[in-house]
Amino acid sequence: MYKLLMLLFPALVFFFTSLHAKAQAFRVTKNITVNDGLPSNIIHALLEDDKGFLWIATDNGIARFDGKYFRIFNTNDGLPDNEILDVFKEKDGTIWVNTFKQGPFYFDDKKNIFIDPLKAMDVNKEFSKLIISGSPLEEGGIAFYNEHGAFVFKDRKLIKPSPNTVYSFIHNKNRVLFYSKNIVKDKLYNYIYCKENNKIDSVLLYFAPIEENITNITLLKDKKLFTLTSKGNLYIAGCFNKTPFRFGIDSINTGREPASLKLTNDKINIITKYGEIYSYDMQSLALSYVIKGDFIANCVWEDRNKNVWVGTCAAGIMLYKQNYIHLLSLRGYEVNDNFLSLQVDKKGEIYSGNNFGEVLKYNAGNYAINLTAADRKINAIRKIIVSQNKVFTFSEQGSTVDYKNRLLLPNKTIIQAKTAVALNDSIIIIGGVNLSEGLYKLNTITANVSKLNWNAGSITCMAQVSNRYVYVGTLNGIYKYDYVKNAAYPPSYKSPLSGKRITALESTGNHLISIGTSASGLYIVYNDNIVKHINDSLLSDNAITSLRFAGDNSLWVGTRNGLNKIKYRFIHNNFEYSVHSFYVSDGLPANTVNDIVSYGDFIYVATEKGICYLHKKMIEPPERIRLYLTRMVVNNKDLEIKNAYLLRYSGRSVKMEFSGANLGGHLKKLMYSLDEGATWTEMQNNTLNLELVPGNRKLLVKASNLHNINEKPLTIYFKVIAPVYLRTWFIALAIAVLFSLIGYIFYRNKLIKEKRLWDQKFKLNQERNRITADLHDDIGSTISSLQIYSEVAYNLVDTDKEKSKVMLKHITDNSAKIAEDISDIIWSLKDASSSSLSLSGRIKNFISEVLGPTGIKYEIDVIHDLHETENILWRKNVFLIIKEAINNMLKYSNASFLKVELHCKDKNYILSVEDDGKGFDPQKTGLKGNGLANMKKRTEDMGGHFEINTSPGSGTKIKATIPVQKMCKPNKRNAP
């Protein structure tokens, strides 16, 4: 389809433009300067490459322009100097530049840098600094030369050139030399020579007095030799005949003193010393156009879409377009060009009103400016209607007939109007500026105005549906006004337009109503039902300003950001459509469209910067956008440009720059999708930053043009190598090891618990056996004694009462001992969590009960929190050691003071019982008596160490050091 349109486009242009008397507009559509991104306003050369980029050589680097974004190259990108004198493209597409006194460099589009082709080569560098110009060669390669010779490069490498390579080409497999030469005799004679093998032909171009010092500019292109003299005469030599060996000469006399000669695709461009450009067709040699302006042209380039780019000496770049949107020129007229309203009458006369009460009338090239007020104050002309050969203007400051006469109500109130619509050829319905103004009826025959019934809201726009009905847009929705009943009705259906500000209305025929909103796009209504909603995904903008039906199922839509043509088909309640958008880049005076009128074969458009018109059927050829990856940065390092990258995990953060090459400026947005099937995301500009996850990734990038046509996506592949710890096998292994470790820990804990349970059962069994033994040995023997004492007492009760009392005393003491032993056993078996049953509490209670009645002073220093007291044997042994020591003290020491200590130190319990009694000699007594052997045994049963320190007359101190498994907390010590 694209190729077909491109083939048909010249024919379409010829056909449609021939329908109108005006010639195609060829004008400046944009002035590009440093404010837009140029490195400098001094432009030395321009060139379009094979990818569609415009290269701009300046005195401050060279810029690559894709139609929207600039990329600047300077000394940081391989150039030896920032002043670039010229730029060339050889046959294979390689871009070369000629730098200021530094010779030629070529651009490596993979590495994004400029390369010195003479680096590390044994050549005359001084010669390269004197290079004047360059010339791409017909057979490929490029030559850079001056008056002393040339450097010739092929495949970006210096080669040994053939003689006169600069002015030669291959013809029928033979090299043809084609050059001009001055011969000085009595005058200056200039000849053109053509040599092929042993054949030669020459032609005298001109002769002139020597003192005129005529110089030439000579270029070779497409087997033609172009020679431009300093007098402004251009000679074109070509048109070869093989037999006889001849060539022809054509000439052009410009009559201007030239400064330079530039050959573009199909144009011969002569730039004069006054900065003018004369452009001739390469084939017909006819003058195509002349460019003059308030600037001095330095270079020129015509791109593949026939846009002309003019580089200036100090004003940046002037972009000229042969637009198919034509302007009504207001040059020489003092009128504000922000036009709000348009009207074309039956005679084809155009009326347009602006913000200052001025109404411009145009007819067949003649202009007239009419004022609706005595001075040019703010007076926005919102609507113009021609009826009964009268011109009615409607403004918020007042409405007029034929510009001067005010429209008034019978009470002399002025008509402040927001909009108006012709109901028929004699009635106009006027919408007031606010709710109190409401609706008015204007009789265009008598110019009388009367009020109509209205209380629905502040009016913004209107559209006539029939001689009876008018649709009325308001600040909060849409209403239908019945002229016959003089009543307004809201829609009979639940409308999504309720509460929306309606800005434009138009009846498009076949019972279709188009409704424009301030921010929600366009709605199409059929028989009071919405059948289609069109928004800015296709329109140029959602803020609709004007609508106009142009017949042939075409609806023109004005917005705050461009003009749109909707071509539709409505069948069986199915609204099918396509949208074509127009912008400043297409020739609009401004993107803000205020009003649209259809008349004859043309559409007239009022914008905030003037009026334009175009043929209803004119559609510009689709301008394709060529999408490229132009930069790839990983870890602040530029990589070569390619379509697949292998990245380390540490280099997964990438920065990419893209270019949608379209010098017409039709790039609307860039979108990307990471991995096929993912949603598309719009880029903020032409730069994309991504943090890639390990694995294979597929990046899709597509460009959308101003007509909402998406180009084929650009695909870039990434493979990010994951580190070992993120690879699947490692993760699987780590998970396996983790689960194995967890299993091992679980199994080990289970074994420990089982062992602990078994140990507890074993210890419990041991304790049971010990208690049984104690009960058998101690209590059992005591009970046996009780039996004996009882029998003896019984036998002596009648015979020897004194002995029987002794026996009864033994029975009492043994009974008390049994009770005490049983109490100790029961205490050792009970839970020690209660403070009354704790070891520290038991010790204190025992000492207090035993020593209290004796008058012996005592001190108790026992830790409150004993972590090992849950061990029955441990609790009992500690208590019995203390008990045995105190009992010994009472029996033998005659002490007056006793001190008991139990504390924790270095993972040991330290138990000491010390008195100030008479002491004894341990060497004589040993540990056989006084319960000392029992205390030692109990200490050793707990894995401890027992000591006794005593001597006659110095008291006694016993000390038991008992190891523990847990450190105790020396919390609080209690003493009475």
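All figures in this text were calculated on a predicted structure; none of them were measured in a lab.

Parameters at a glance
Starting afresh in each chain, residues are numbered from 1 along the sequence in its written order. At least 70 in pLDDT is required for a residue's local features to be given in this predicted model, at least 80 for side-chain atom pairs to be given and counted, and no such filter applies to totals for whole chains, interfaces and linings, which use all residues. Calculated side-chain values reflect all of the structure's heavy atoms, with hydrogen atoms and water omitted. A run of H or I in DSSP becomes a helix once it reaches four residues, and a run of E becomes a strand once it reaches two; helices and strands are each numbered from the N terminus. Residue burial is assigned from relative accessible area. The probe radius is 1.4 Å, only protein chains are included, and a residue is buried under 20% of its type maximum, exposed over 50%, and partly exposed in between. Contact between two residues is taken to exist if any of their heavy atoms lie within 4.5 Å; hydrogens are not considered. DSSP bridges decide pairing: two strands pair if at least two such bridges lie between them. Axis lines are fitted through C-alpha atoms, for helices just across the contact stretch, and the angle between N-to-C directions can take any value from 0 to 180 degrees. What the arc measures is the spread of directions leading from the helix axis to the C-beta atoms. Patch members must show over 30% relative accessible area and no salt bridge, and they are joined within 9 Å when carrying like charges or within 5 Å when they are nonpolar side chains of Val, Leu, Ile, Met, Phe, Trp or Tyr. Every accessible area reported is derived by Shrake-Rupley at a probe size of 1.4 Å, with residue values counting cover from the shown protein chains alone. Whenever a carboxyl oxygen of Asp or Glu lies within 4 Å of a side-chain nitrogen of Lys or Arg, that contact is scored as a salt bridge. pLDDT runs from 0 to 100 and stands for how confident the predictor is about each residue. Any N or O atom pair separated by 3.5 Å or less is treated as a polar contact, with the protein-specific requirement of one donor-capable and one acceptor-capable atom, and with residues adjacent in sequence counted only for side-chain atom pairs. UniProt positions are given in the numbering used here, feature names are shortened, and annotations may be inferred rather than shown by experiment. We define the nonpolar core as a collection of buried residues of types Ala, Val, Leu, Ile, Met, Phe, Trp, Tyr and Cys that are connected through side-chain atoms lying within 4.5 Å of one another. What a helix should span is 1.5 Å times the count of its residues minus one. Planes of paired rings set the category: under 30 degrees apart is stacked, over 60 is edge-to-face and the rest tilted, where pairs are Phe, Tyr or Trp rings (Trp by its six-membered ring) whose centres lie within 6.5 Å. Distance and angle both matter: a charge sits over a ring if NZ of Lys or CZ of Arg is within 6 Å of the ring centre and within 35 degrees of the ring normal.

(A) Inspection of the overall build of the chain at higher detail. If you tally the helices and strands in the chain, you get eight helices and 71 strands. Taking all 976 residues of the chain together, 47% fall into the buried category. Taking contacts inside the chain between residues at least 6 apart in sequence as the whole, the part at least 24 apart equals 50%.

(B) Representation of the sheet that holds strand E45 (residues 487-489). Taking strand neighbours across the sheet as the criterion, the four strands line up as E42-E43-E44-E45 in an open arrangement whose pairing is antiparallel. Of all the strands in the sheet, the pair left with one neighbour each is strand E42 (459-464) and E45. Taken over all neighbouring pairs, the strand axes of this sheet differ in orientation by 30° on average, direction set aside. By the bridge criterion, five bridges tie E42 to strand E43 (residues 469-474) in an arrangement that is antiparallel. The residue of E43 that forms the bridge with Gln464 is Val470.

(C) Up close: helix H8 (residues 932-941). Turning to H8, its buried residues are Leu932, Met935 and Thr939. Each buried residue of H8 sits inside an arc of 65° when the element is viewed along its axis, so together they form one side. Where H8 ends, the next residue or the one after it, Gly943, has phi of about 80°, a positive value.

(D) Here's a closer look at a nonpolar patch on the surface. Residues Ile731, Ile735, Leu738, Phe739 and Ile742 make up a contiguous nonpolar surface patch of roughly 470 Å² in combined accessible area. You can see Phe739 is positioned in helix H3 (residues 728-796).

(E) Focus on the confidence of the model for the chain. Taken as a whole, the chain shows an average pLDDT of 84; of its residues, 86% reach a score of 70 or greater. Low pLDDT (under 50) marks residues 1-25, which in the prediction has 32 contacts with non-local residues, meaning those over four places away or in another chain.

(F) Molecular detail of the side chain of Asp595. Take Asp595: it is sitting in strand E54 (residues 593-599). Judged by relative accessible area, Asp595 falls into the buried class, the value being 6%. At 2.9 Å, the side chain of Asp595 forms a polar contact with the backbone nitrogen of Leu342. Filtering out sequence-adjacent residues up to four positions away, Asp595 remains in contact with Leu340, Ser341, Leu342, Ser546, Arg548, Tyr604, Val605 and Ala606.

(G) Quick look at the sheet that holds strand E17 (residues 199-208). Taken in spatial order, the four strands of this open sheet run E14-E15-E16-E17, and their pairing is antiparallel. Every interior strand has two partners, whereas the edge strands, strand E14 (168-171) and E17, have only one. Across the sheet, the axes of successive neighbouring strands diverge by a mean angle of 20°, strand direction being ignored. The sheet contact formed by strand E15 (residues 174-184) and strand E16 (residues 188-196) spans nine bridges and is antiparallel. Bridge pairing in E16 places Leu177 opposite Lys195.

(H) Summary view of the UniProt feature "transmembrane region" (unreviewed entry) in the chain. Per the UniProt record, the feature "transmembrane region" (unreviewed entry) sits at residues 729-747. End C-alpha to end C-alpha, residues 729-747 measures 26 Å, and it is 100% helix and 0% strand.

(I) A look at unusual backbone geometry. Located in the positive-phi region is Lys101, a residue other than glycine, with phi close to 55°. Along the chain, Lys101 falls in the loop between strand E7 (95-99) and strand E8 (103-108). A positive phi angle is found at Asp552, which is not glycine, with a value near 55°. As for its position among the elements, Asp552 is in the loop between strand E50 (544-549) and strand E51 (554-559).

(J) Representation of the nonpolar core within the structure. The biggest cluster of nonpolar side chains holds 34 residues, and the ones touching the most others in it are Ile847, Val878, Ile886, Leu902 and Tyr909. Those elements that provide at least two residues to this core are helix H5 (839-851), strand E66 (857-863), helix H6 (872-893), strand E67 (897-905), strand E68 (908-915), H8 and strand E70 (956-963). Element by element, the count of residues in this core is highest for H6, at nine residues.

(K) Here's a closer look at the pattern of salt bridges. Applying the stated criterion to the full structure yields 29 salt bridges. Of the charged contacts, one joins Lys306 and Glu302 as a salt bridge, the two residues approaching to 3.7 Å between their closest N and O atoms. The partly exposed category is assigned to Lys306, whose relative accessible area is 38%. Of the charged contacts, one joins Arg631 and Asp638 as a salt bridge, the two residues approaching to 2.8 Å between their closest N and O atoms. Assessed through its relative accessible area of 34%, Asp638 is described here as partly exposed. It is possible to trace a salt-bridge network through shared partners that takes in Asp266, Lys267, Glu302 and Lys306.

(L) Seen up close, the pairing of E14. Examined bridge by bridge, E14 and E15 share four bridges and lie antiparallel to one another. Among the inter-strand pairings, Ile170 is bridged to a residue of E15, identified as Arg175. Here E14 folds back onto E15 in antiparallel fashion, the turn holding two residues, of which Asn172 has a positive phi close to 55°.

(M) Spatial organisation of H5. Taking 1.5 Å per residue, 13 residues should reach 18 Å; H5 reaches 18 Å between its end C-alpha atoms and fits that length. Among the residues of H5, Leu839, Ser840, Gly841, Arg842, Ile843, Phe846, Ile847 and Leu851 are the ones counted as buried.

(N) Focus on the environment of Asp77. Structurally, the position occupied by Asp77 is in the loop between strand E5 (70-73) and strand E6 (84-89). You can call Asp77 buried: its relative accessible area is 13%. The spatial distance from the C-alpha of Asp77 to the C-alpha of Asn112 is 7.6 Å, given a sequence separation of 35 residues. The contact partners of Asp77, leaving out residues within four places of it in the chain, are Arg71, Ile72, Ile113 and Phe114.

(O) Examining the packing of aromatic side chains more closely. All told, the structure shown has 32 aromatic pairs when counted by the stated rule. Pairing Tyr179 with Tyr193 gives two aromatic rings, centres 5.6 Å apart and planes at 25°, and the pair type is stacked. With Tyr179 in strand E15 and Tyr193 in strand E16, the pair connects residues that are 14 residues apart, well separated along the chain. Per residue, the accessibility class of Tyr179 equals that of Tyr193, and both read buried. Each member of the aromatic cluster is reached from another via a ring pair, and the members are Phe88, Trp96, Tyr106, Phe144, Phe151 and Phe153. Across the ring face of Phe53, the terminal group of Arg64 is positioned such that the distance to the ring centre comes to 4.9 Å. Over the face of the ring belonging to Tyr649 we find Arg652, whose NZ or CZ atom lies 3.9 Å from the ring centre.

(P) Expanded view of the environment of Leu330. Considering the arrangement of structural elements, one finds Leu330 in the loop between strand E29 (326-327) and strand E30 (339-344). By relative accessible area, Leu330 is classed as buried at 16%. Contacts of Leu330, omitting those with residues within four sequence positions, involve Val335, Asp337, Phe339, Leu360 and Tyr367.

(Q) Structural context of the pairing of E54. Most of E54 sits out of view: five of its seven residues are buried. Where E54 meets strand E55 (residues 602-607), six bridges bridge the pair, whose relative direction is antiparallel. In the strand pairing of E55, Tyr599 is matched with Phe602. Hairpin connection of E54 to E55: two residues between the antiparallel strands, including Gly600 at a positive phi of 60°.

(R) Seen up close, the side chain of Asn686. With respect to the helices and strands, the residue Asn686 is situated in the loop between strand E62 (681-682) and strand E63 (687-691). On the basis of relative accessible area, Asn686 is assigned to the buried category, the value being 13%.

(S) Spatial organisation of the environment of Thr474. Within the secondary structure, Thr474 sits in strand E43. The spacing of Thr474 and Ala456 is 18 residues in sequence and 8.1 Å in space, taken between C-alpha atoms. Aside from chain neighbours lying at most four places away, what touches Thr474 is Trp454, Gly457, Ser458, Ile459, Thr460, Tyr479, Lys500, Arg501 and Ile502.

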